[in-house]
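Residue-level listing of the chains:
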Amino acid sequence: MNKIPNQLLVIFGASGDLTERKLIPALFNLFQGKHLSPRFTVLGVSRSTGDDASFRERMVLKNKFIPQTIGNFGLRKEFSERVFYHDLGDSYDTDYGPLKDRILALDADQGVAGNVIFYFSTPPSLYGTIAKNLHARGLLEELDSYRRLIVEKPFGYDLESARELNRELQQYCEESQIYRIDHYLGKETVQNLLVTRFANSIFEPLWNRNYIRHVEITNAESEGVGKRGGYYERSGALRDMFQNHLLQIVSLVVMEPPIGPQPEEIRNEKVKALKSLRVMTDPKVLFSHTIRGQYLAGSCNGEQAVGYREEEGVDPQSTTETYAAIKFYVDNWRWSGVPFYVRTAKRMPTKVTEVVIHFKTPHHQIFRGSGMEQYDNKLIIRIQPNEGMAIKFGVKVPGQGFEVARANLDFYYSDLGQVTVMEPYERLLLDAMNGDATLYARADEVEAAWKFVDPILKYWQHGEDVVTYGYSSGMWGPKNADELIEGDFGWRNPGEHLRDDPAFCVIS
Ligand SMILES: NC(=O)C1=CN([C@@H]2O[C@H](COP(=O)(O)OP(=O)(O)OC[C@H]3O[C@@H](n4cnc5c(N)ncnc54)[C@H](OP(=O)(O)O)[C@@H]3O)[C@@H](O)[C@H]2O)C=CC1
Ligand SMILES: O=C1O[C@H](COP(=O)(O)O)[C@@H](O)[C@H](O)[C@H]1O
């Protein structure tokens with residue numbers, strides 16, 4: 001079962017939240033599932049004082065994000081013995097000689113055959129510095145073994161900084177060594193978009209402007225920003241979710257069939273898809289096609305929630321958006337004239353991510369007046385939760401005449417029974433260990449996404465007529481966002497339809 005090479009994973013920023021909440025639990029699950037090679041080893045690196053014992057205790061033995069089950073303590077202990085810590089000193093910009101010695105010693109003791117993956121889990125401002133220092137000590141040179149970098153998001157702050165970061169990293173290693181992580185690509189249902197489209201013959205013939213009226217993508221979270229207010233203030237919903245996760249989903253919906261499943265074939269098509277998004281630069285278009293909002297106090301999931309401006313680390317006058325809805329077009333043969341509507345937000349009534357393909361009504365409506373013309377056919381791809389797919393279509397109501405009712409064909413992943421679905425970080429870590437970059441973003445892909453987002457960011461920052469709407473926590477966001485969608489459609493609000501927000505207002 002073990003095909004993964006022996007290797008060492010070096011995590012920079014190892015004292016942080018991501019390491020504790022996601023990376024170590026994912027690695028433990030992989031260890032538990034016997035997916036790792038027998039000599040797989042982890043070295044945590046950061047500036048915090050510590051040693052192997054204290055790091056093992058915090059990150060493995062007492063890590064509350066690794067579920068405690070009867071009998072897994074022994075396994076934790078075993079796994080913890082494969083985990084080590086290196087204290088870097090006061091700065092990430094230092095001589096990596098001692099770190100190199102530690103890596104060589106671990107290589108000799110643990111037998112990882114010189115294969116090393118460096119995981120950058122620090123603030124992004126340090127990525128270039130860390131790569132520079134690894135390079136200075138020859139740690140990125142691939143001789144008989146491999147050296148890879150996994151780089152966390154956000155990849156850049158805008159187009160220029162993303163380009164600069166690409167240039168910086170590519171100065172020290174080859175593009176093929178760089179793995180830019182986007183955890184949405186690690187979700188089974190996101191990958192299933194490729195299979196739905198290209199492993200079936202029933203969808204692809206309809207997947208174009210002749211049959212599709214519009215495409216709607218919703219990413220809603222009921223949580224607020226929590227303890228990440230400081231980070232979020234500099235980010236906002238557009239940078240935090242739209243530029244990366246949502247545009248990745250868009251690229252999978254929009255792309256042409258790749259000639260094969262190889263990473264470069266898939267990534268080439270995704271880049272082409274992102275390049276075909278119509279960049280909006282006219283302020284009038286930006287005004288009418290983009291909506292930004294910020295959550296106010298309210299009630300979410302039965303609990304009182306504070307407004308964004310009251311969150312820890314947030315400026316009480318902040319205009320950072322926690323809601324973004326964008327309408328745009330894709331300028332290519334397949335999608336010409338089909339509007340795409342994408343929204344992402346925090347403090348919505350529920351947590352849900354879904355893609356809805358709205359098909360056109362039949363061009364000749366025989367059953368006009370029967371009820372069906374109000375309901376276009378839809379394909380709903382539920383990314384989370386209740387992962388699955390549904391097709392909505394019309395059926396005859398039994399009895400005289402031709403009354404049409406709406407029916408569903410549903411598939412839920414849970415119907416597959418006892419299939420273990422890996423968490424995104426598990427899947428993506430395993431892929432990087434295997435050298436499979438299909439589910440990682442390439443430099444040109446990230447830049448193409450920023451090219452589309454940059455003018456929206458600039459307009460939101462400097463545009464004269466930009467408005468930020470306030471919406472109550474627990475509601476579906478600014479009412480104006482409904483007007484983005486032409487015709488009588490509105491957004492498909494999964495679950496309860498809470499429309500009339502008494503607190504809806506303009507906040508800046
Ligand atoms: N947490 C999450 O859920 C997610 C995080 N990410 C990304 O992953 C990376 C790590 O995130 P996360 O673990 O949450 O971040 P943390 O703020 O917890 O930082 C990680 C570590 O980086 C080190 N560090 C070095 N310089 C600084 C500095 N100036 N300010 C703060 N920390 C510093 C700290 O370790 P020390 O001081 O010991 O050196 C810290 O423990 C970031 O790029 C983030 O954007 C992406 C998606 C989700
Ligand atoms: O990257 C991020 O993603 C999470 C949402 O991830 P999900 O897998 O729970 O949908 C989001 O909360 C966070 O703000 C963002 O940085």
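Structure first, text after, so check above.
Computed from a prediction, not measured in an experiment: that's the story for all the values here.

Chemist: So what exactly am I meant to see when it comes to the pairing of strand β13 (residues 352-359) here?
Modeler: Here is the key point about a regular strand: its side chains alternate between the two faces of the sheet. For β13, a buried count of 6 out of 8 residues is recorded, marking the element as mostly surrounded by other parts of the structure. Looking at chain direction, strand β7 (residues 212-220) and β13 are connected through 8 bridges and run antiparallel. Bridging from a neighbouring strand, His214 pairs with His358 of β13. Sheet topology places β13 next to strand β14 (residues 378-384); 6 bridges connect them, and they run antiparallel. Counterpart to His358 in the pairing with β14 is Lys378.

Chemist: When you look at the nonpolar core in this model, what are you seeing that I'm missing?
Modeler: Side chains of nonpolar character tend, in soluble globular proteins, to be buried together. Residues Val10, Tyr119, Leu149 and Phe242 are the most contacted members of the largest nonpolar core, which totals 122 residues. The residue makeup of this core includes at least three contributed by each of domain 1 (8-152) and domain 2 (185-506). In this view, Tyr119 contacts Leu9, Val10, Ile11, Phe12, Leu23 and Ile150; residues no more than four positions away in its chain are not counted.

Chemist: Explanation requested: the packing of helix α1 (residues 17-32) against helix α12 (residues 424-434) in the structure shown.
Modeler: Two numbers describe a pair of packed helices, the interaxial angle and the distance between the axes. Direction vectors running N to C along α1 and α12 enclose 75°, while the axes themselves pass 9 Å from each other. By the angle between their directions, the pair α1 and α12 is classed as roughly perpendicular. Contact with α1, carried on its side by Lys22, Leu23, Ala26, Leu27, Asn29 and Leu30, involves Tyr425, Glu426, Leu429 and Leu430 of α12 and no other residues of that element. Its residues placed into classes, the contact of α1 with α12 shows 7 nonpolar, 1 polar and 2 charged.

Chemist: So what exactly am I meant to see when it comes to the site of ligand 1 here?
Modeler: In the neighbourhood of ligand 1, 16 residues make up the surrounding shell, with Gly13, Gly16, Leu18, Ser46 and Arg47 lying closest. In the shell around ligand 1, the residues fall into 5 nonpolar, 7 polar and 4 charged.

Chemist: Explain the pairing of strand β3 (residues 83-87) to me, please; I cannot follow it from the model alone.
Modeler: Most of β3 is tucked away, with 4 of its 5 residues classed as buried. Pairing of strand β2 (residues 41-46) with β3, which is carried by 5 bridges, proceeds in the parallel orientation. What sits directly across from Gly44, in β3, is Tyr85.

Parameters and conventions
- Residues numbered from 1 in each chain as written.
- Chains lettered and ligands numbered in written order.
- Predicted model: local features only at pLDDT ≥ 70, side-chain atom pairs only at ≥ 80, totals over all residues.
- Buried ≥ 20, exposed ≤ 12 C-beta atoms within 10 Å, placed from the backbone.
- Helix = DSSP H or I, 4+ residues; strand = E, 2+ residues; numbered from the N terminus.
- Pairing = 2+ DSSP bridges.
- Core = buried A, V, L, I, M, F, W, Y, C linked by C-beta atoms within 7 Å.
- Domains from an automatic or database assignment.
- Contact = placed C-beta atoms within 7 Å.
- Axes fitted to C-alpha atoms, helices over the stretch in contact; angles between N-to-C directions.
- Parallel < 35°, antiparallel > 145°, perpendicular 65-115°, else oblique.
- Nonpolar A, V, L, I, M, F, W, Y, C, P; charged D, E, K, R; others polar.
- Near = placed C-beta within 6 Å.

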